[in-house]
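# Coordinates in review
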Amino acid sequence: METEHRVSTLELFFDLVFVFTITQLTVLLADDLTPRGAGQVVLIFTVLFWMYGGYAHLTNQVPPDRTVRRVLLMLAMGAFMVCALAVPTAFGAGGVAFGLGYLLVVLVHGALFTQAHGRGVLWFALPNVLCALAVTAAGFFDGLPAWGLWLLALLLQFVTPVVVQRVAASGAAEVPEVPEQTVAQTVGDQLGGMNAAHLVERHGLLLIIVFGESVIAIGIGVGSLPLSAGIAGGAFLALAIASAMWWMYFVRDEGRAEEVFAHTPPERRFKLAMSAYYYAFLPVLLGIAVFAAGVKKTIGHLGEHLHTGPAVALAGGVALYLAGNLVFRAVLGLGPARYRATALLLALATVPVGTGWTGAGQLVALAAVLVCAVVAEGGRSPAARARETAAASVTGS
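Report on the accompanying structure. (Residues numbered from 1 in each chain as written. Predicted model: local features only at pLDDT ≥ 70, side-chain atom pairs only at ≥ 80, totals over all residues. Heavy atoms only, no water.)

### Section: the overall build of the protein
If you tally the helices and strands in the protein, you get 17 helices and 0 strands. Burial status across the protein gives 53% buried among its 397 residues. Taking the intrachain contacts of the protein between residues at least 6 apart in sequence as the baseline, contacts between residues at least 24 apart amount to 80%. Within the structure as shown, the protein displays about 16,600 Å² of accessible surface, and the carbon and sulfur contribution to it stands at 69%. (Helix = DSSP H or I, 4+ residues; strand = E, 2+ residues; numbered from the N terminus. Buried < 20%, exposed > 50% of the residue type's maximum accessible area, 1.4 Å probe, protein only. Contact = heavy atoms within 4.5 Å. Areas by Shrake-Rupley, 256 points an atom, 1.4 Å probe, with all protein chains shown as cover.)

### Quick look at the pattern of salt bridges
Per the stated rule, a full pass over the model turns up 10 salt bridges. Residue arginine 340 pairs with aspartate 253 through a salt bridge whose shortest N-O separation is 2.9 Å. Placement of the pair is arginine 340 in helix α14 (residues 338–348) and aspartate 253 in the loop between α9 (229–250) and α10 (254–262), with a sequence separation of 87 residues. Aspartate 253 carries the same exposure label as arginine 340, and that label is buried. A salt bridge links arginine 329 to glutamate 377; its shortest N-O distance comes to 3.5 Å. Of this pair, arginine 329 sits in helix α13 (residues 308–332) while glutamate 377 sits in helix α16 (residues 359–379), and the two are 48 residues apart along the sequence. A network of salt bridges, in which partner residues are shared, links Arg252, Asp253, Arg329, Arg340 and Glu377. (Salt bridge = Lys/Arg side-chain N within 4 Å of Asp/Glu carboxyl O.)

### A closer look at the environment of glycine 300
Position of glycine 300 relative to the elements: it lies in the loop between α12 (281–298) and α13. Given a relative accessible area of 30%, glycine 300 falls into the partly exposed group. Setting aside residues no more than four positions away along its own chain, glycine 300 makes contact with Gly221, Leu225 and Ile231.

### Quick look at the layout of surface pockets
For the largest pocket, the calculated volume is near 250 Å³. Lining the largest pocket we find 15 residues, and of these Leu29, Ala38, Val290, Val312 and Ala313 sit closest to its centre. The greatest single-element share of the lining of the largest pocket, amounting to 6 residues, is contributed by α13. In the lining of the largest pocket, the residues fall into 11 nonpolar, 4 polar and no charged. (1 Å grid on protein atoms, 1.4 Å probe; cavity = no way out; pocket = protein on both sides within 12 Å on 5 of 7 lines; lining within 4 Å. Points joined across faces, edges and corners; volume = space filled by probe spheres on them. Nonpolar A, V, L, I, M, F, W, Y, C, P; charged D, E, K, R; others polar.)

### Structural notes on the packing of α12 against α13
It is at 7 Å that the axes of α12 and α13 come closest, and there the two elements cross at 160 degrees. Considering their axes alone, α12 and α13 lie roughly antiparallel with respect to each other. Regarding α12 and α13, the two cross each other, and that crossing is left-handed. Residue-level contacts link Phe281, Pro283, Val284, Leu286, Gly287, Ile288, Val290, Phe291, Gly294, Val295, Lys297 and Thr298 of α12 to Pro310, Ala313, Leu314, Gly316, Gly317, Val318, Leu320, Tyr321, Gly324, Asn325 and Phe328 of α13. Among the residues forming the contact of α12 with α13, the class breakdown is 15 nonpolar, 7 polar and 1 charged. (Axes fitted to C-alpha atoms, helices over the stretch in contact; angles between N-to-C directions. Parallel < 35°, antiparallel > 145°, perpendicular 65-115°, else oblique. Left-handed = near helix turned anticlockwise from the far one by under 90°.)

### With respect to α12
Across its 18 residues, α12 extends 26 Å between first and last C-alpha, which sits within 8% of the 26 Å expected from 1.5 Å per residue. Along α12, 16 of the 18 residues are buried, which leaves the element largely enclosed by surrounding structure. (Expected span 1.5 Å × (residues − 1).)

### Points about the packing of aromatic side chains
Within this structure, the stated rule accounts for 27 aromatic pairs. Arranged with centres 5.9 Å apart and planes meeting at 25 degrees, the rings of tryptophan 246 and phenylalanine 250 form a pair that is stacked. Here tryptophan 246 and its partner phenylalanine 250 are both found in helix α9, 4 residues apart, which amounts to about one turn of the helix. Residues tyrosine 249 and phenylalanine 281 carry aromatic rings whose centres are separated by 6.0 Å and whose planes lie at 70 degrees to one another, so their mutual orientation is edge-to-face. Of this pair, tyrosine 249 sits in helix α9 while phenylalanine 281 sits in helix α12, and the two are 32 residues apart along the sequence. You can call tyrosine 249 buried: its relative accessible area is 1%. Take phenylalanine 281: its relative accessible area is 1%, and that puts it in the buried class. One aromatic cluster in this structure is built from Phe14, Phe18, Phe45, Phe49, Trp50, Tyr52, Tyr55, Phe80, Phe158, Tyr278 and Tyr279. (Phe/Tyr/Trp six-rings, centres within 6.5 Å; stacked < 30°, edge-to-face > 60°.)

### Quick look at a nonpolar patch on the surface
On the surface, a cluster of nonpolar side chains totalling about 310 Å² of accessible area is made up of Leu152, Leu155, Val159 and Val163. On the secondary structure map, leucine 152 appears in helix α6 (residues 144–170). (Patch = residues over 30% accessible without salt bridge, like charges linked within 9 Å, V, L, I, M, F, W, Y side chains within 5 Å.)

Quick look at the structure:
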């Protein structure tokens, strides 16, 4: 039985600061609904979310229960704030500031992990530093060189877990002044020993905060427009879509995900967490941000034909969320998948509704697709089948 380890209020405070970066990315995308703008958002968010995951794993193993740890975590919050403020110009004048803020995020992360695992952290701390230096260097360039350095940072992030896992498995790594067995053990400890309840709760809290961004986008989109029946109806529809996406994860998946992690051997949890809460969560969180950008551009033009950008953002955001959710469920062995896969395809099919009819029509179509998926899936959920079995057994007795 694992020791109870819940998310602290400081970790939640940290998440609130981190989510400001997603707010900024939503603004960036809403202002530039083009492939170029979308590419920048994907690169920036993927790089940032890598270190968010690093801090989630950090506080899972090194709780902020001491003054030094709390102060360092607050310092990292400040660094993430710098990154967030620089997001709108990360591929321009704010590139160097973004990179330096990110470098501080990385250095504090490594310093905190050292308290638990000593010099074994070098196997992932050094690649993280190289990643931050690549992002910082990108701030000195424009065009293809800048994009190339951002892609290099991304490559370093995706290679690091593979390298670290191989080091842990081989036990043959060498670090100056540190015995081989010690290094293998410290890296192995980093990969395993994750508390299941804390891991699932932390990412669930992050997700609910990000959902809050889609609600804020409704208010930003309305702005100073008079609150008419149409505006109120559009806001209700956008909230209904966000609520259906919330339902899919928090009612259907979160509890089952915690059970899966609790029954997974500790040494396998890091790899499972990388697949479920990093790779799969990237499109989940990006999908909410993209949908929020679409809502922001649509809510004031509900009775009009939408431009292609806002229509694609609305449908694509929902589809991205569902795609990530399907991967998340596949990784953890949760099901069924057919209802959400069908909803993904139908969500993409709403783009012509927005461009050929109205924004309100597309919101109605998206809300109908998601609500129907939730209802259909609920009828065949494990809980529903359990109730049917129980009822049948009572009737039979």
